[in-house]
Amino acid sequence: MHHWLLFKKYTSIKHLVYIHLVKFLSVYTKDEEILGIGKGKFPLYQGGDSEKFLYISSVAIKLSLSDNLKAMFIAQQLAGYLSANCSKIFSVKIVPPGLIHIELTYPTLAAWLHSLTTGDWEEEREQEAGSKGENTSPLHPAPCPSASSASSLLENISKLFFPIQYAHARCCSLLRLAHREGLIQLVDNRVDVGCVLSAQAIPWLNSDQKLCLHQPDEVRLIHNLVKVVDDLVFPDSQSSVNWEKAALKLSQAFESFWCNCRIWGDVKINSLELAQARLGLLIATQLVLRSVLETKLRVFAPLEL
């Protein structure tokens, strides 16, 4: 499957990885008890904050408890299956006593960022929401009533969530500025439009097919975006999310990124593709912050302050 098509169906990277693990289970055994592990969402979590983007699963260890085979043997079988069927999507490493480390390839991560910033996921999400009788999805919430005056805007700004709301408004204003200066082309640049999407493909990869965003603050922001989207779209059934903490952490990652990763000045003049990729992160950040503010925290996502 072409990388760009992966996220037409799976907005969450965790969901994509999970589906492939479930496919292995269905090939590995017909035992209903073991297959029930897949239905119950076996442990799968995002690992590390380094330049690597990986997921860690203990499914082999869990399988070994109901099977006489050793966890490392099961892990080797799983790794072999994933390597044979998904080598272009992610690489696999086995870590004793039987953990599976599933690392995303850069083209996979770029495809996810592309789908997020250009709205490729919208048609699929709208179809799913429509089939369930819903009008919204986690990443495409119904717009909150817009503030028609300065007083109504202030009423919608929560002191508790102000840092998150400020980060959202900052992303919106920076993206409109970039659009006016021709740095990036947005689908709709009107001030009252809450969903900011790119009308063009963002250059996420360099000539070596590696992610062009590798500075620590860029990587940290991407890690946070991946985690929050996973929690929004494919939440863990065994735990709950502190959405205020998650959104605050994302807004803080954005602030560090904005302070340390320039877009204008020398970068705009000498490294246009890098500037556009960083603007792409602003689009993704705005989208995810808006989703959390409106669907989880139930507060207004201001477009400007």
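Draft legend 1. How the structure looks around helix H6 (residues 106-118). Here H6 is 13 residues long and its end C-alpha atoms lie 18 Å apart, about the 18 Å a rise of 1.5 Å per residue gives. Most of H6 sits out of view: eleven of its 13 residues are buried. Those residues of H6 not exposed but buried are Thr108, Leu109, Ala110, Ala111, Trp112, Leu113, His114, Ser115, Leu116, Thr117 and Thr118. Within two residues after H6, Gly119 carries a phi angle of roughly 80°, on the positive side.

Draft legend 2. View of the sheet that holds strand E1 (residues 44-47). Read from one edge to the other, the open sheet built from four strands follows the order E1-E2-E4-E3, with strand pairing classed as antiparallel. For this open sheet the edge positions go to E1 and strand E3 (90-95), each flanked by a neighbour on one side alone. The average undirected angle you get between the axes of adjacent strands in this sheet is 25°. Sheet analysis places E3 next to strand E4 (residues 99-104), joined by six bridges and oriented antiparallel. Pairing of Lys93 across the sheet is with His101, part of E4. Its contacts with the sheet place helix H5 (residues 71-86) against E3 and E4, and it is angled at close to 170° to E3.

Draft legend 3. View of the nonpolar core. Membership of the largest hydrophobic core comes to 85 residues, with the highest contact counts inside it found for Leu109 and Trp112. The dominant element in this core, judged by the number of residues it contributes, is helix H13 (residues 272-296), at twelve residues.

Draft legend 4. Representation of the packing of aromatic side chains within the structure. Across all of its chains, the model carries four aromatic pairs by this definition. An angle of 55° between the planes, with centres 5.2 Å apart, marks the rings of Tyr18 and Phe234 as tilted. One end of the pair, Tyr18, is in helix H2 (residues 13-28); the other, Phe234, is in the loop between helix H10 (216-233) and helix H11 (243-260), and 216 residues separate them in sequence. Look at Tyr18 and you get buried, because its relative accessible area is 9%. On the basis of an interplanar angle of 35° and a centroid distance of 6.0 Å, the ring pair of Phe162 and Tyr166 is categorised as tilted. Separated by four residues within a single helix, Phe162 and Tyr166 lie in helix H9 (residues 162-180), roughly one turn from each other.

Draft legend 5. A look at the side chain of Asp231. Within the secondary structure, Asp231 sits in helix H10. Its relative accessible area of 11% is what places Asp231 among the buried residues. Within the structure, the side chain of Asp231 is placed 2.7 Å from the side chain of Lys227, a separation counted as a polar contact. If we ignore the near neighbours within four places in the chain, the residues touching Asp231 are Val241 and Trp243.

Draft legend 6. Representation of unusual backbone geometry within the structure. Residue Pro96 is joined to Pro97 through a cis peptide bond whose omega torsion reads 10°. Position of Pro97 among the secondary structure elements: in the loop between E3 and E4. For Gln209, which is not glycine, the phi torsion reads 60° and is therefore positive. In this fold, Gln209 is placed in the loop between H9 and H10.

Calculation rules
- Residue numbers run consecutively from 1 along every chain, following the written order of its sequence.
- The predicted nature of this model means local features are confined to residues of pLDDT at least 70 and side-chain atom pairs, given and counted, to a pLDDT of 80 or more, with totals for whole chains, interfaces and linings taken over all residues.
- Side-chain measures here rest on the full set of heavy atoms in the structure, leaving out hydrogens and waters.
- Numbered from the N terminus, helices here are DSSP runs of H or I no shorter than four residues, and strands are runs of E no shorter than two.
- Given the number of residues in a helix, its expected span is that number minus one, multiplied by 1.5 Å.
- The rule is simple: take the accessible area with a 1.4 Å probe, protein chains only, and divide by the maximum for that residue type; under 20% is buried, over 50% is exposed, in between is partly exposed.
- We treat two strands as partners when DSSP finds at least two bridges between them.
- Axis geometry follows a simple rule: fit a line to the C-alpha atoms, using only the stretch in contact for helices, then measure angles between N-to-C directions, giving values from 0 to 180 degrees.
- By definition in these notes, contact holds between two residues if any of their heavy atoms fall within 4.5 Å.
- We define the nonpolar core as a collection of buried residues of types Ala, Val, Leu, Ile, Met, Phe, Trp, Tyr and Cys that are connected through side-chain atoms lying within 4.5 Å of one another.
- Stacked, tilted and edge-to-face are the three classes applied to pairs of Phe, Tyr and Trp rings, where Trp contributes its six-membered ring and a pair requires centres within 6.5 Å; stacked means planes under 30 degrees apart, edge-to-face means over 60, and tilted covers the rest.
- Any N or O atom pair separated by 3.5 Å or less is treated as a polar contact, with the protein-specific requirement of one donor-capable and one acceptor-capable atom, and with residues adjacent in sequence counted only for side-chain atom pairs.

These values are about where atoms sit, not about what they do.
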